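Read off the chains here:
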Amino acid sequence: MEPIVWEWVNFLVRWLHVVTAIAWIGSSFYFIHLDLSLRRRDGLPPGVAGEAWQVHGGGFYNMMKYTVAPPELPEKLTWFKWEAYATWLSGFALLSVLYYHGAALYMIDPAVLDIPWWGGVLLSLGALGLGWHVYDRLCKSPLGKDDVKLAAAGFVFLVLVAWGLSHVFSGRAAMLHVGALIGTMMSANVFRIIIPNQTKAVAAMKAGQVPDPALGKQAKQRSLHNNYLTLPVVFLMISNHYPLAFGTRYSWVIVAVVLVVGAVIRHFFNSRHAGKPTPWWTWAVAAAGVAVIVGLSAAGTRTESAAAPARVEFAQVEEVVLSRCSMCHAAQPVWEGIGVAPRGVMLDSAEAIGRHAPQIRVWAALSDAMPPGNVTGITPEERRLLAAWTDQLPR
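Quantities reported herein were computed from a predicted structural model and do not represent experimental measurements.

Trainee: Just to check I follow, could you spell out the pairing of strand 2 (residues 59–66) for this structure?
Mentor: Regular strands have side chains that alternate between both faces of the sheet. Note: strand 1 (residues 48–56) against strand 2, 8 bridges, orientation antiparallel. Bridge assignment links V55 to a residue of strand 2, and that residue is F60. Counted along the chain from strand 1 to the antiparallel partner strand 2, the turn is 2 residues long, and its residue G57 has a positive phi close to 60°.

Right, dumping it as structure tokens:
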């Protein structure tokens, strides 16, 4: 029963994480849109930066934003924070259920760095904690006074993290951990900066004082970071389902390109919401970035061998698959902790191997996604053999 229980725990925690992430991303996108769509007009109350009229659900809404704070607080004030907290907590729970509990299978690749499972967990926790600290220091450094310079420094930092993690974890875990770090940065922005600053502003008003405008400015900067990082973090979080994204030689470069693609797409919508000239060029940059990602994904695995054999006999392929894959991909898997064949793919017969040739090509030949963590020790030569076999099959 244990594998079945863990499978359902994985599913339910993932469901919770997706739901909370939808709530957080939705509120984040909405408030950035609202902030950018505010317009000034004569007759606005003192201290109001602008207003926006909106229509939804058959009703009209008149939204106003105060530059610092209103003259007096309303009786009820809605705080938007639990979406961020719940998203991080459920995400960390999912990381624990899938990657920490299954570290030997999903997180550690001995060919990359041969460490015990607990060493991988400690490195993971250290990367998340230290990563947030470095980012926070960058924001509070002199670079934080210039949004463009700060963005450039943050980009370089995240790319270096992606490169470093690719030399520590399996490809799947490395890319997901970059996403986990960005998610930690975003959630910590809310927990450590945005909400505390708003709490200080409310406390100042209750004491009859004028809140410090710097508090709102700092919170707005972190909120803007969260907005531009949202699309890349979604890509990185779902990347573990797509081996050509994480299991290839230049996965860390793919992370760099995704950061740019996500940012320019958000820039397009932010500019539109602000009433600025529409930056259509952003879609050309995004399309070029996607083309680069596709090209990089075809560059091969991180440990590629010499030239592939000219002709491959099926008996050679069958021997590799049965010895490296069938312990999990069988009607009755014999690998501990695997209750059913992953994705329902059976590779325990010649007919099944031939039927799943496209999946074998993507997951084990063009990428090193399978076996996870290379637990069965498939060699680069064997991957090249599988690639050569799938190349010679009729299209």
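Trainee: Please explain the nonpolar core as it appears in this structure.
Mentor: The tendency in soluble globular proteins is for nonpolar side chains to be buried as a group. Judged by nonpolar contacts, the single largest core of 62 residues is most densely connected at Y99, M107, L158 and I182. Looking at this core, the element that brings in the most residues is helix 6 (residues 171–206), giving 14 residues. Apart from residues lying up to four places away in sequence, Y99 is in contact with L94, Y106, M107, R172, A173, L176 and N240. Counting 18 residues, the second largest nonpolar core, distinct from the first, contains V320, V321, A365 and A387.

Trainee: I tried to follow a nonpolar patch on the surface on my own but got confused; where do I start?
Mentor: Together, I4, W8, F11, L12, W15 and V19 line one region of the surface with nonpolar side chains, adding up to about 670 Å² of accessible area. With respect to the helices and strands, F11 occurs in helix 1 (residues 2–37). Given a relative accessible area of 47%, F11 falls into the partly exposed group.

Trainee: Sorry, what's going on with the packing of aromatic side chains here?
Mentor: Two measures describe an aromatic ring pair: the distance that separates the ring centres and the angle between the ring planes. In total, this model carries 14 aromatic pairs according to the counting rule given. On the basis of an interplanar angle of 90° and a centroid distance of 5.5 Å, the ring pair of W82 and Y85 is categorised as edge-to-face. Here Y85 and W82 lie together in helix 2 (residues 82–100), a separation of 3 residues that amounts to about one turn. Judged by relative accessible area, which is 15%, Y85 ranks as buried. A ring pair is formed by F269 and W283, whose centres lie 6.2 Å apart and whose planes are at 90°; its orientation type is edge-to-face. In this pair, F269 is assigned in helix 9 (residues 251–273) and W283 in helix 10 (residues 281–297), connecting sequence segments 14 residues apart.

Trainee: Would you explain the environment of A127 in this entry?
Mentor: For A127, the position within the fold is in helix 4 (residues 117–140). Linking A127 and L181, residues 54 residues apart in sequence, is a C-alpha distance of 7.4 Å. Apart from residues no more than four positions distant in its own chain, A127 is found in contact with L165 and L181.

Trainee: Can you help me understand the side chain of N10 in this one?
Mentor: Along the polypeptide, N10 turns up in helix 1. Classification of N10 as buried rests on a relative accessible area of 11%. Among residues more than four places away in sequence, those in contact with N10 are L94, V97 and L98.

Trainee: Quick question: what am I supposed to make of helix 10 here?
Mentor: An α-helical turn contains 3.6 residues, so any two residues separated by three or four positions project in the same direction. Spanning 17 residues, helix 10 covers 25 Å between terminal C-alpha atoms, matching the ideal 24 Å at 1.5 Å per step. Buried within helix 10 we find T282, A286, G289, I293, L296 and S297. End-on view of helix 10: buried residues confined to an arc of 95°, all on one side of the axis. Facing away from the buried side of helix 10 by over 90 degrees, the exposed positions are A284, A291 and V294. Buried residues along helix 10 sit in contact with helix 8 (243–246) and helix 9.

Trainee: Any chance you could explain the packing of helix 4 against helix 7 (residues 213–238) here in plain terms?
Mentor: When two helices pack together, their arrangement is captured by the angle between the axes and the distance separating the axes. Orientation of helix 4 relative to helix 7, taken along the N-to-C sense of each, is 130°, at an axis distance of 12 Å. Viewed along their axes, helix 4 and helix 7 adopt a mutual orientation that is oblique. In the crossing of helix 4 with helix 7, the sense of the turn from one axis to the other is right-handed. Here W132, Y135, D136, C139 and K140 of helix 4 come into contact with helix 7, specifically with Q218, R222 and H225. Looking at the contact of helix 4 with helix 7 residue by residue, the classes come out as 3 nonpolar, 2 polar and 3 charged.

Trainee: Explanation requested: unusual backbone geometry in the structure shown.
Mentor: As a rule of thumb, non-glycine residues mostly have phi less than zero, and peptide bonds are mostly trans rather than cis. Residue P371 is bonded to the preceding M370 through a cis peptide linkage, with omega at -5°. When you line up the elements, P371 lands in the loop between helix 13 (357–365) and helix 14 (380–392). Residue N374 is not a glycine yet carries a positive backbone phi of 45°. Here N374 lies in the loop between helix 13 and helix 14.

Trainee: What exactly am I supposed to notice about the pattern of salt bridges here?
Mentor: Proximity of charged atoms lets side chains of opposite charge pair with each other. Taken as a whole, this structure holds 9 salt bridges when the rule is applied. The closest approach of N and O atoms between D35 and K65, which form a salt bridge, is 2.5 Å. Taken together, the positions of D35 in helix 1 and K65 in strand 2 put the pair 30 residues apart, joining distant regions of the chain. Residues E51 and R41 are paired through a salt bridge, measuring 2.3 Å at the closest nitrogen-oxygen approach. Pair noted here: E51 is in strand 1 and R41 is in the loop between helix 1 and strand 1, with a separation of 10 residues, a long-range link. Residues joined in a network through salt bridges with shared partners are D136, R137, K140 and R222.

Procedures and definitions
- Residues numbered from 1 in each chain as written.
- Predicted model: local features only at pLDDT ≥ 70, side-chain atom pairs only at ≥ 80, totals over all residues.
- Heavy atoms only, no water.
- Pairing = 2+ DSSP bridges.
- Helix = DSSP H or I, 4+ residues; strand = E, 2+ residues; numbered from the N terminus.
- Core = buried A, V, L, I, M, F, W, Y, C linked by side-chain atoms within 4.5 Å.
- Buried < 20%, exposed > 50% of the residue type's maximum accessible area, 1.4 Å probe, protein only.
- Contact = heavy atoms within 4.5 Å.
- Patch = residues over 30% accessible without salt bridge, like charges linked within 9 Å, V, L, I, M, F, W, Y side chains within 5 Å.
- Areas by Shrake-Rupley, 256 points an atom, 1.4 Å probe, with all protein chains shown as cover.
- Salt bridge = Lys/Arg side-chain N within 4 Å of Asp/Glu carboxyl O.
- Phe/Tyr/Trp six-rings, centres within 6.5 Å; stacked < 30°, edge-to-face > 60°.
- Expected span 1.5 Å × (residues − 1).
- Arc of directions from axis to C-beta.
- Axes fitted to C-alpha atoms, helices over the stretch in contact; angles between N-to-C directions.
- Parallel < 35°, antiparallel > 145°, perpendicular 65-115°, else oblique.
- Left-handed = near helix turned anticlockwise from the far one by under 90°.
- Nonpolar A, V, L, I, M, F, W, Y, C, P; charged D, E, K, R; others polar.

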